[in-house]
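# Descriptive structure summary
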Amino acid sequence: MAAGGGGGRPPGPDPALEPYVQTRIFKIIVIGDSNVGKTCLTFRFCGGTFPGKTEATIGVDFREKTVEIEGERIKVQVWDTAGQERFRKSMVEHYYRNVHAVVFVYDVTKMSSFTNLKTWIEECNGHAVPPLVPRVLVGNKCDLKDLIQVPSSLALKFADAHNMLLFETSAKDPQESQNVDAIFMCLVCRLKAQRSLPCRDAEGWPAQPQPQPRRLEEASGKGSCPC
Ligand SMILES: Nc1nc2c(ncn2[C@@H]2O[C@H](COP(=O)(O)OP(=O)(O)OP(=O)(O)O)[C@@H](O)[C@H]2O)c(=O)[nH]1
Ligand SMILES: [Mg+2]
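Residues numbered from 1 in each chain as written. Chains lettered and ligands numbered in written order. Predicted model: local features only at pLDDT ≥ 70, side-chain atom pairs only at ≥ 80, totals over all residues. Heavy atoms only, no water.

### Focus on the pattern of salt bridges
Our working definition: Any Lys or Arg side-chain nitrogen located within 4 Å of an Asp or Glu carboxyl oxygen qualifies as a salt bridge. Exposed residues in this analysis have more than 50% of their type's maximum accessible area, buried residues have under 20%, and partly exposed residues fall in between, with area computed by a 1.4 Å probe over protein chains only.
Scanning the entire structure with this criterion turns up 9 salt bridges. Across the pair E55 and K53 runs a salt bridge, and its minimum N-O distance is 3.2 Å. Assessed through its relative accessible area of 62%, E55 is described here as exposed. Take K53: its relative accessible area is 64%, and that puts it in the exposed class. Through salt bridges with shared partners, a single ionic network connects R24, E70, E72 and K192.

### Things to note about the site of ligand 1
Defined as follows: Whether a residue is near a molecule or strand is decided by its heavy atoms; if any one of them lies within 4 Å of it, the residue is near. Contacts described as polar in this section are N or O atom pairs within 3.5 Å, which, within protein, must combine one atom able to donate a hydrogen with one able to accept it, while residues neighboring in sequence count only if both atoms come from side chains. Note on areas: Shrake-Rupley with a 1.4 Å probe; residue coverage comes only from the protein chains shown. Helix numbering and strand numbering both begin at the N terminus, where a helix is a DSSP run of H or I of at least 4 residues and a strand a DSSP run of E of at least 2. Under the grouping applied here, Gly and all other residues not named as nonpolar or charged are polar, the nonpolar ones being Ala, Val, Leu, Ile, Met, Phe, Trp, Tyr, Cys and Pro and the charged ones Asp, Glu, Lys and Arg.
Contacts to ligand 1 come from 21 residues, most closely from S34, K38, T54, T57 and G83. Measuring from an oxygen atom of ligand 1, one finds a side-chain N or O atom of T54 at 2.7 Å. In this structure, K141 approaches ligand 1 through a side-chain N or O atom, which is 3.1 Å from an oxygen atom. For ligand 1, whose unbound accessible area comes to 660 Å², protein coverage reaches 87%. The leading source of residues in the shell around ligand 1 is helix α1 (residues 38-47), at 3 residues. Classifying every residue of the shell around ligand 1 gives 7 nonpolar, 9 polar and 5 charged.

### Section: the coordination of the magnesium ion (ligand 2)
To keep it simple, the criterion reads: The rule for donors is simple: an N, O or S atom within 2.8 Å of the metal counts, and for Na, K and Ca the reach is 3.2 Å. Water is not among the atoms, so a site may look short of donors.
Every protein donor of the magnesium ion (ligand 2) is accounted for by T39 (OG1) and T57 (OG1), and the metal-donor separations fall at 2.0 Å. With T39 in helix α1 and T57 in the loop between α1 and β2 (60-69), this pair connects stretches of sequence that are 18 residues apart. T39 gets classed as buried once you look at its relative accessible area, which sits at 14%. For T57, a relative accessible area of 8% translates into the label buried.

Laid out in structure tokens, this is it:
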């Protein structure tokens, strides 16, 4: 028989007396053409590895990672969406509902995935995503150096025109993993800053000017908030 008996609560502080700390959840959706590497990027961020084999995403896959920024634990809920129209059409409304940030992905070795970005942006705009919802642009598969079709200068111009940060990276190359983390951490930092402000607009978002686009090289700070 266990010493102490009487119900068996383990020794230590009474949970009822501990301060209740709510973990905030930020929903980030990842969209773009099929095969650009959305699943691999989200896998790299949430799981720290490159998946050996992937299949086309059907509907949506959820991945989560809890991060700590300035002493606050935040749950990042990543929605890895399907690029193929037939696998996504019934889900589109769900993707955009209450979204906190959007990651647009193209494949640097496939020009059509870059030119199609305007369709993805139109879809996003068509779902009334508030302008203060931060958006970033990600060129993936930079490890395939000899096959690059989308020059950085072109991507940067596009990102600037749409008020987005640009990240060029590779889900596959382990040396790029910090850069993949920076994509999501940058968004989380921005959301944390926006959402801790006391003055909010009608949709619950702080009445602040749009964040200014930053250059690629600014976003790759080591060990600190990429913003
Ligand atoms: N070389 C290289 N290949 C990659 C990289 N990221 C993804 N891939 C490959 O690209 C293919 C497609 O990757 P996925 O992550 O499944 O693509 P997706 O965008 O999720 O595709 P859908 O689910 O159909 O929308 C796979 O064969 C991956 O191994 C990368 O950074 N470099
Ligand atoms: Mg996928």
